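Structure assessment
Listed here are the chains, written in short residue letters.
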Amino acid sequence: MMNGKTVIVTGANSGIGKATAAGIVKLQGRVIMACRDLSRAEEAAREIRQQTGADGSLLVLKQLDLASLTSVRTFCRDIIKEESRLDVLINNAGIYQCPYTKTEDGFEMQFGVNHLGHFLLTHLLLDLLKQSAPSRIVVVSSKLYKRGHINFEDLNSEQSYDKAFAYSRSKLANLLFTCELAQRLEGSGVTVNALTPGIVRTNLGRHVHIPGLVKPVFDLLSRGLFKSPEEGAQTSVYLACSLDVDGVQGECFADCQPQVLLDKATDLEVASKLWDISEVMVGITT
C-alpha cells in the first residue's frame, strides 16, 4: 500500500522511529530519515536494510536538529526543493526528562524539541503535504500528557523547572497542536492524528538515573513488561498507511484504537492560544 509513497520520520535512527521506518519500508514506502546525528542514522539505515532486505533507494538520510530552528528551516527548504511529493509526516523524535538546558534559540529543551521544532517543521511542509493530498500527519505523544499543564506564564520554565513535568507539558502540547491543526486542515485533504505508544524499551530514558544495584533487575523487568520498539511503532505505521483511518481527523490512538482524552488535551481555547504563541516563538509571520 505504501509503494510510491514518501514518508518523513523524525528521530528515525533509534527506538520507535527506527522501527517505524523499518515498518514502512517493509510496505515498500520510501522513508526520509530525519535525524540529528547522521552517523547514527547511517548505522540504523544499514540495519534496516539488512533486516528488511529493502532496496537502498527506499531510505534517504537527511540531517535535522529540532533544537535549532535554522536546521529545521534548512531541512524543509531542501525537502521542498528535492521532493515532488510528501505523503506522510511522522513527528516522532523526542527528548525525555533531560536536565535543564536550552535549545540554540533559547527555548527549554523538551518544549523546544518535542513541540516547537515539530510545530515549525509541520508548518513549513504543509504546502507540500496539501499538494500531495490525500496525505497524513502523525504526531507521537505520550500518556504522560495527563501530568502536564500549559502554564502560559512560564512556557520556558525560567521560573521553575521539573524535568518530568516539562516532558508531560511538551506531550500535552503535542495533543493540543494536533487538536488545533485538525481544525485548520478541514477540507484540505490532509489529516492529522496523534498516538500514545505506551512504555517502550528505547534509549529515550537515557537521562533517567537508575542506581547500579537496581539496574540489572530493572533491565530484566523491562524486557517482560515494556513493549519492544517494533510493538511501540505499530500505531505509528497504522496511522501512516491504514485504510481504516482514511479521512479520520484529530483523533488520538493507542494500540491502533481511538482513545478518549482528558478535557485539557482537547481544549480548543487553550489549543488556539498555544498555537498563536508558538507562531511567535518560532518566528512565523502570517
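Scroll up to find the structure.
Criteria and thresholds
- Residues numbered from 1 in each chain as written.
- Predicted model: local features only at pLDDT ≥ 70, side-chain atom pairs only at ≥ 80, totals over all residues.
- Heavy atoms only, no water.
- Helix = DSSP H or I, 4+ residues; strand = E, 2+ residues; numbered from the N terminus.
- Pairing = 2+ DSSP bridges.
- Contact = heavy atoms within 4.5 Å.
- Axes fitted to C-alpha atoms, helices over the stretch in contact; angles between N-to-C directions.
- Buried < 20%, exposed > 50% of the residue type's maximum accessible area, 1.4 Å probe, protein only.
- Right-handed = clockwise from strand over helix to strand, strands pointing away.
- 1 Å grid on protein atoms, 1.4 Å probe; cavity = no way out; pocket = protein on both sides within 12 Å on 5 of 7 lines; lining within 4 Å.
- Points joined across faces, edges and corners; volume = space filled by probe spheres on them.
- Nonpolar A, V, L, I, M, F, W, Y, C, P; charged D, E, K, R; others polar.
- Salt bridge = Lys/Arg side-chain N within 4 Å of Asp/Glu carboxyl O.

**Things to note about unusual backbone geometry**
Note that the residue after Ala-133, namely Pro-134, is joined by a cis bond; omega there is 5°. With respect to the helices and strands, the residue Pro-134 is situated in the loop between α4 (109–131) and β5 (135–140). Phi is positive for Gln-28, close to 70°, though the residue is something other than glycine. With respect to the helices, strands and loops of the structure, Gln-28 is situated in the loop between α1 (15–26) and β2 (30–35). Phi at Ser-157 is positive, roughly 55°, even though this residue is not glycine. Mapped onto the secondary structure, Ser-157 falls in the loop between β5 and α5 (163–185).

**Some details on the sheet that holds strand β7 (residues 252–254)**
Spatially, eight strands are ordered β3-β2-β1-β4-β5-β6-β7-β8 in an open sheet, and the strand pairing comes out mixed. The open sheet terminates on both sides in strands that have one partner only, identified here as β3 (59–63) and β8 (257–258). Pairing between β7 and β8: two bridges, direction antiparallel. Looking across to β8, one finds that Phe-253 is bridged to Pro-258. The sheet strands contacting α1 are β1 (6–10), β2, β3 and β4 (88–91), and the helix crosses β1 at an angle near 170°. Helix-sheet contacts for helix α3 (residues 69–82) involve β1, β2 and β3, and the interaxial angle to β3 is about 145°.

**Here's the deal with the pairing of β5**
With respect to burial, β5 is a largely interior element, six of its six residues being buried. Judged by which residues are buried, β5 turns out to be covered on both faces: Ser-135, Ile-137 and Val-139 on one side and Arg-136, Val-138 and Val-140 on the other are all buried. In this structure, β4 lies alongside β5, joined through four bridges in parallel fashion. In the sheet register, Val-88 faces β5, and the bridge partner there is Arg-136. Assessed by its sense of winding, the connection that carries the chain from β4 through α4 to β5 is right-handed. Pairing between β5 and strand β6 (residues 190–195): six bridges, direction parallel. Bridge pairing in β6 places Val-139 opposite Ala-194. Handedness of the β-α-β unit built from β5, α5 and β6 comes out right-handed.

**Overview of the layout of surface pockets**
Reported here for the second largest pocket is a volume of approximately 180 Å³. Looking at the second largest pocket, it is lined by 16 residues, and the ones nearest its centre are Lys-5, Pro-134, Ser-135, Arg-136 and Asp-246. Listed by contribution, the elements that provide at least two residues to the lining of the second largest pocket are β5 and α7 (229–241). Looking at the lining of the second largest pocket residue by residue, the classes come out as eight nonpolar, four polar and four charged.

**Comments concerning the pattern of salt bridges**
In this structure the tally under the stated criterion is nine salt bridges. Here Arg-85 ties to Asp-87 by a salt bridge, and the two come within 2.6 Å at their closest N and O atoms. Arg-85 gets classed as partly exposed once you look at its relative accessible area, which sits at 32%. For Asp-87, a relative accessible area of 3% translates into the label buried. The salt bridge involving Glu-180 is made with Arg-184; its shortest N-O contact spans 2.8 Å. In this pair, Glu-180 and Arg-184 are both assigned in helix α5, four residues apart and thus about one turn of the helix distant. Salt bridges here are not isolated pairs; linked through shared partners, they connect Lys-62, Asp-78 and Glu-82.

**What to know about empty space enclosed by the protein**
According to the stated counting rule, one finds two cavities of 30 Å³ or more in the structure shown. Looking at the largest cavity, its volume works out to about 40 Å³. Taken together, Phe-119, Thr-122, His-123, Leu-126, Phe-177, Leu-181, Trp-275, Glu-279 and Ile-284 make up the full set of residues lining the largest cavity. At the level of secondary structure, the elements contributing two or more residues to the lining of the largest cavity comprise α4, α5 and α8 (268–282). Of all the elements, α4 adds the most residues to the lining of the largest cavity, at four residues. In terms of residue class, the lining of the largest cavity is built from six nonpolar, two polar and one charged. In this model, the second largest cavity occupies a volume close to 30 Å³. Looking at the lining of the second largest cavity, the elements that each hand over two or more residues are β5 and β6.

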